[in-house]
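The residues making up each chain are set out below.
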Amino acid sequence: MLQYIEEAKQGDRQAFEQIVRHFTPMANAVAFEKLRDYQLAEDAVQEAFTEAFLHLNKLRAVEAFPGWFKAIVVRQCYRILRRKQHPALPYDEAAQATESSFSIADIIEKKETQRLVHESIAALTSNMRIAVQLYYFQGYSLQEIADFLGTSVSVLKKRLFDARRKLKGALPVADVLSVFNHLYEGGKDVLHIVNGDVVGEKLRQGIVKGDVLVWREVYSHGPVFLDPADGDNRAVRAQYLEQTMGVPQREFIENSERQEKILADFHKYEEVVLWFEHDLFDQTMLSYLLHWFSKQKILTTKLSLLCIGEYPGIKLFRGLGQLSIEQMETLSGTWKLIGAKELEAGQALWEAYVSPNPELLQQRLTTDTSALPFAHDAFQAHLSRFPSTTNGLGIVEQLTLEMIYEGIKSPYELFKNVGDKLHILGMGDLQYWHILRKLVQGPYPLLQTHGCNEFPVYNDSVMQFKDCELVLTELGKSVITGNEDWVQKNGSDEWFGGVHLQGLTLRWRWNPLVGALQDRSAEA
C-alpha cells in the first residue's frame, strides 16, 4: 500500500483508486461513528478522498497517510454536522450484503440474531465499536487499524478483548457460540501453517481457532528443486535426508504427501495464515509456499503472513518456539495480508534458490526484496555457507573450528554457541551433526573425536553423546590459519539449495573479503 501512496503522490490516478478501495470501509466506519447515518458517512468519505487527492503532495511521509487521511475524514464529518441533518439509516444495515436463499424460518432466525448482535455492538463505547467494525466485519489487520486510528496494536487488542467480553455478557449463550466463531482473531475457517511442532502445539492451546498445519521440511539442507512434489525429485531428496540425517525415506515421502494434500485443499478455508521467522530455515519454507500459492487460483481465500525477527524482552530471538503461550497470544491477529508483491517475491526467491546457478540468487539479492523484509539477510547467509576462497570452509565450519581452537570441545556447547552466533541460519541439531560428521570423516579429517564414535541421527538417543569431545587435527590447525585449502585436499560432495558442488575444483566459492560468490571458471 505504501508504494500505491507514493505513486499517487506523483499523480498516478490508478494507484489512488487502489487506495480508495483499501481505505473506504475503514473510513466509512469512522464517519458513521461521527454522523450515525450511512448516506452522510458515505458523502463525507467521498469528500475526504477528493480532498486527500488534491492535497496528497503535502503529505511528507507515505507512512503517515492513514492518520492524515483519518483527520480529513473527521474534518469532513464536522462540516456535515453543521448542515441540516437527515433521517438516519443504520450503517450495518445499509452495508449488509444481499441475502442468500434461505427458508422464511432461517431468515427470521438470522435477522433476530443480527438484531441482537447489532444492538449489543451499539451499546459498546465508540472506540470498541470502531475496532469491532474494522477488524471483524471489514477484515483489516490490527496494524492497519492501529495506523489509521493513531493508536498501538496492544491498545487495539485490549479494546477487542473488552468488546468480546461485553458482548458475551449481552448475548444468549447459544448465539454467542455461533457468532463468536467468527468474532475472533481468525475464526474457525482458518488454516495456520507454522514452522515447527512446538509452535503448532502452543497455537492449539487456544491461541487461535482453526486448523494448524506444521510444515515439516528442511529446505535449507540438501537438494531442493523447483517442484519438490515431482516423484523423481522427491526420491532424490528422500535418499539424501536419510543418508545425512537418518530420516527414513518412506516416512519423509508419506509426510510430504500428507501435508501437500492439506495444502491443496486450502480453498475450503476463508483464510490461510503463514507463521514464520527471520532465519534461513523459515525463509526457504516461506518462499516455497509463496511460490506454490503464486501458481494457484486463490479465489476467495485470504492469504496472510506473520513474520517476525524479534520480540520485546528477548535479547537473542531465535524463533517463535521461544515464546510462552501468553507471549504468542499477543501476536494473534497481527498478521498482514499477502498481496501480489509478496507472492512475486517468494516466487522469484524460490526459483533463484533452487537454480543450479547460484549467481541467479546473488543477482536477485541486489534487487528490491522489501516485500519480504527478512529474505535478503537470510539468503545472503545461505551463500556464505559455500566453501570459501581462503581455505575451503563454509561459514559454519569456519566458526566451529575457531571455537574449538578457543577451547570449546563439547558438541552440545558448539551447537549452542555456533547456533547463537549464526542464528540467521536457523540451523537444527541434525544439520549440525552432519557438518561435524564431515569434519571428522574422510581421508583428511579436520577434527578428531574423544569419547564417542558416532553422531546422533533422526530419533537416536543422545545420552551416549554427552561425554564426547572434539579436537583439531594438524590439518585442521593448518586449514583454520589459511595455510591449506580443505576442498583441494578433501574434495566436496555437498548441496547448497539447487547447487551440487562436487570434486576437488569447484566453480563457485564464497569470498568473505567481498561478501559475495566468486565464479572461478574464468580463472581456469
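Residues numbered from 1 in each chain as written. Predicted model: local features only at pLDDT ≥ 70, side-chain atom pairs only at ≥ 80, totals over all residues. Heavy atoms only, no water.

Caption draft 1: Expanded view of the pairing of strand S3 (residues 271–277). Judged by how many residues are buried, S3 sits mostly within the fold: 7 of 7 residues are covered. Burial along S3 is two-sided: Glu 271, Val 273, Trp 275 and Glu 277 facing one way and Val 272, Leu 274 and Phe 276 facing the other are all buried. Here 4 bridges tie strand S1 (residues 190–194) to S3, and the two strands are oriented parallel to one another. Opposite Leu 191, over in S3, you have Val 272 as the bridge partner. When S3 meets strand S4 (residues 302–308), the two strands line up parallel, connected through 7 bridges. Opposite Trp 275, over in S4, you have Leu 306 as the bridge partner. Handedness of the crossover joining S3 and S4 through helix H14 (residues 280–294) is recorded here as right-handed. (Buried < 20%, exposed > 50% of the residue type's maximum accessible area, 1.4 Å probe, protein only. Helix = DSSP H or I, 4+ residues; strand = E, 2+ residues; numbered from the N terminus. Pairing = 2+ DSSP bridges. Right-handed = clockwise from strand over helix to strand, strands pointing away.)

Caption draft 2: Seen up close, the environment of Ser 220. Locating Ser 220 in the fold gives a position in the loop between strand S2 (211–214) and helix H12 (231–245). The class for Ser 220 is buried, based on a relative accessible area of 5%. Those residues in contact with Ser 220 that lie beyond four places of it in its chain are Leu 280, Phe 281, Thr 284, Tyr 353, Arg 385 and Gln 431. (Contact = heavy atoms within 4.5 Å.)

Caption draft 3: Layout of the pairing of S4. Most of S4 sits inside the fold, with 5 of its 7 residues counted as buried. Here S4 runs beside strand S5 (residues 336–337); their pairing, made up of 2 bridges, is antiparallel. Its bridge partner lying in S5, Ser 304 is registered against Leu 337.

Caption draft 4: Structural context of helix H21 (residues 429–440). Compared with an ideal rise of 1.5 Å per residue, which puts 12 residues at 16 Å, H21 spans 17 Å between its outermost C-alpha atoms and is within 8% of the ideal. The complete set of buried residues in H21 reads Leu 430, Gln 431, Tyr 432, Trp 433, His 434, Ile 435, Leu 436, Arg 437, Leu 439 and Val 440. Count one or two residues on from H21 and you reach Gly 442, which has phi positive near 90°. (Expected span 1.5 Å × (residues − 1).)

Caption draft 5: Layout of the sheet that holds S1. An order of S2-S1-S3-S4-S5 is seen for the 5 strands of this open sheet, with the pairing classed as mixed. One side of each edge strand has no neighbouring strand; the edge strands of this open sheet are S2 and S5. Against the sheet, H14 engages S1, S3 and S4, with an angle of about 155° to S3. (Axes fitted to C-alpha atoms, helices over the stretch in contact; angles between N-to-C directions.)

Caption draft 6: Highlighting empty space enclosed by the protein. Scanning the model with the defined rule gives 3 cavities of 30 Å³ or more in all. What lines the largest cavity is a set of 17 residues, among which Ser 220, His 221, Arg 385, Ile 435 and Phe 496 lie closest to the centre. If you list the elements that add at least two residues to the lining of the largest cavity, you get helix H19 (395–405), H21 and strand S8 (492–496). Tallying contributions element by element places H21 first for the lining of the largest cavity, with 4 residues. Of the residues contributing to the lining of the largest cavity, the split by class is 7 nonpolar, 6 polar and 4 charged. As for the second largest cavity, its lining consists of Trp 215, Glu 217, Tyr 219, Pro 228, Asn 233, Arg 234, Arg 237, Phe 252, Ser 256, Gln 259 and Glu 260. (1 Å grid on protein atoms, 1.4 Å probe; cavity = no way out; pocket = protein on both sides within 12 Å on 5 of 7 lines; lining within 4 Å. Points joined across faces, edges and corners; volume = space filled by probe spheres on them. Nonpolar A, V, L, I, M, F, W, Y, C, P; charged D, E, K, R; others polar.)

Caption draft 7: Inspection of the state of the cysteines at higher detail. A complete count under the given rule lists 1 disulfide for this structure. Covalent S-S linkage joins Cys 452 and Cys 468, the inter-sulfur distance amounting to 2.0 Å. Of the two residues, Cys 452 is situated in the loop between strand S6 (447–450) and strand S7 (469–472) and Cys 468 in the loop between S6 and S7; the sequence distance between them amounts to 16 residues. With a relative accessible area of 2%, Cys 468 lands in the buried category. (Disulfide = S-S within 2.5 Å.)

Caption draft 8: Structural context of the confidence of the model for the protein. For the protein, the mean per-residue pLDDT works out to 85, and 87% of the residues sit at or above 70. Note on residues 84–108: pLDDT under 50 across the span, and 30 contacts to partners over four residues away in sequence or across chains. For the stretch residues 173–187, pLDDT sits under 50, and the model shows 38 contacts to residues farther than four places along the chain or on other chains. (pLDDT = per-residue confidence, 0-100.)

Caption draft 9: Representation of the side chain of Asp 485 within the structure. Here Asp 485 shows up in the loop between helix H22 (474–480) and helix H23 (486–490). We classify Asp 485 as buried; its relative accessible area is 10%. There is a polar contact of 3.0 Å between the side chain of Asp 485 and the backbone nitrogen of Val 487. Setting aside its immediate chain neighbours within four residues, Asp 485 contacts Ser 388, Thr 389, Asn 391, Gly 392 and Arg 509. (Polar contact = N/O pair within 3.5 Å; in protein donor to acceptor, adjacent residues only side chain to side chain.)

Caption draft 10: How the structure looks around the packing of H12 against helix H13 (residues 249–264). Where H12 meets H13, the axes come as close as 8 Å, and the angle between the chain directions of the two elements is 130°. One finds that H12 runs oblique with respect to H13. Judged by the sense of rotation from one axis to the other, the crossing of H12 with H13 is right-handed. Packed against H12, whose contacting residues are Arg 234, Ala 235, Arg 237, Ala 238, Gln 239, Leu 241 and Glu 242, the element H13 presents Gln 249, Phe 252, Ile 253, Ser 256, Glu 257 and Glu 260 at the interface. Looking at the contact of H12 with H13 residue by residue, the classes come out as 5 nonpolar, 3 polar and 5 charged. (Parallel < 35°, antiparallel > 145°, perpendicular 65-115°, else oblique. Left-handed = near helix turned anticlockwise from the far one by under 90°.)

Caption draft 11: Molecular detail of the packing of aromatic side chains. Considering all chains together, one arrives at 23 aromatic pairs under this definition. Aromatic rings pair up to connect Phe 16, Phe 23, Phe 49, Phe 53, Phe 65, Trp 68 and Phe 69 into one cluster. The residue whose ring lies beneath Lys 341 is Tyr 4, and the NZ or CZ to ring-centre distance is 5.7 Å. (Phe/Tyr/Trp six-rings, centres within 6.5 Å; stacked < 30°, edge-to-face > 60°. Lys NZ or Arg CZ within 6 Å of the ring centre and 35° of its normal.)

Caption draft 12: Focus on the nonpolar core. In terms of nonpolar packing, the biggest core is built from 88 residues, with Ile 193, Trp 215, Leu 274, Phe 293, Phe 386, Tyr 432 and Leu 447 touching the most fellow members. When residues of this core are assigned to their parent elements, the largest contribution, 9 residues, is made by H14. Leaving out residues up to four positions away in the same chain, Phe 386 has contacts with Pro 358, Leu 393, Gly 394, Phe 496, Val 499, Leu 501, Trp 508, Trp 510 and Leu 517. Membership of the second largest hydrophobic core comes to 49 residues, among which are Ala 8, Phe 23, Leu 40 and Leu 124. (Core = buried A, V, L, I, M, F, W, Y, C linked by side-chain atoms within 4.5 Å.)

Caption draft 13: Expanded view of the environment of Ala 27. Considering the arrangement of structural elements, one finds Ala 27 in helix H2 (residues 13–35). With a relative accessible area of 0%, Ala 27 lands in the buried category. Note: C-alpha distance between Ala 27 and Val 45 (18 residues apart in sequence) is 6.2 Å.

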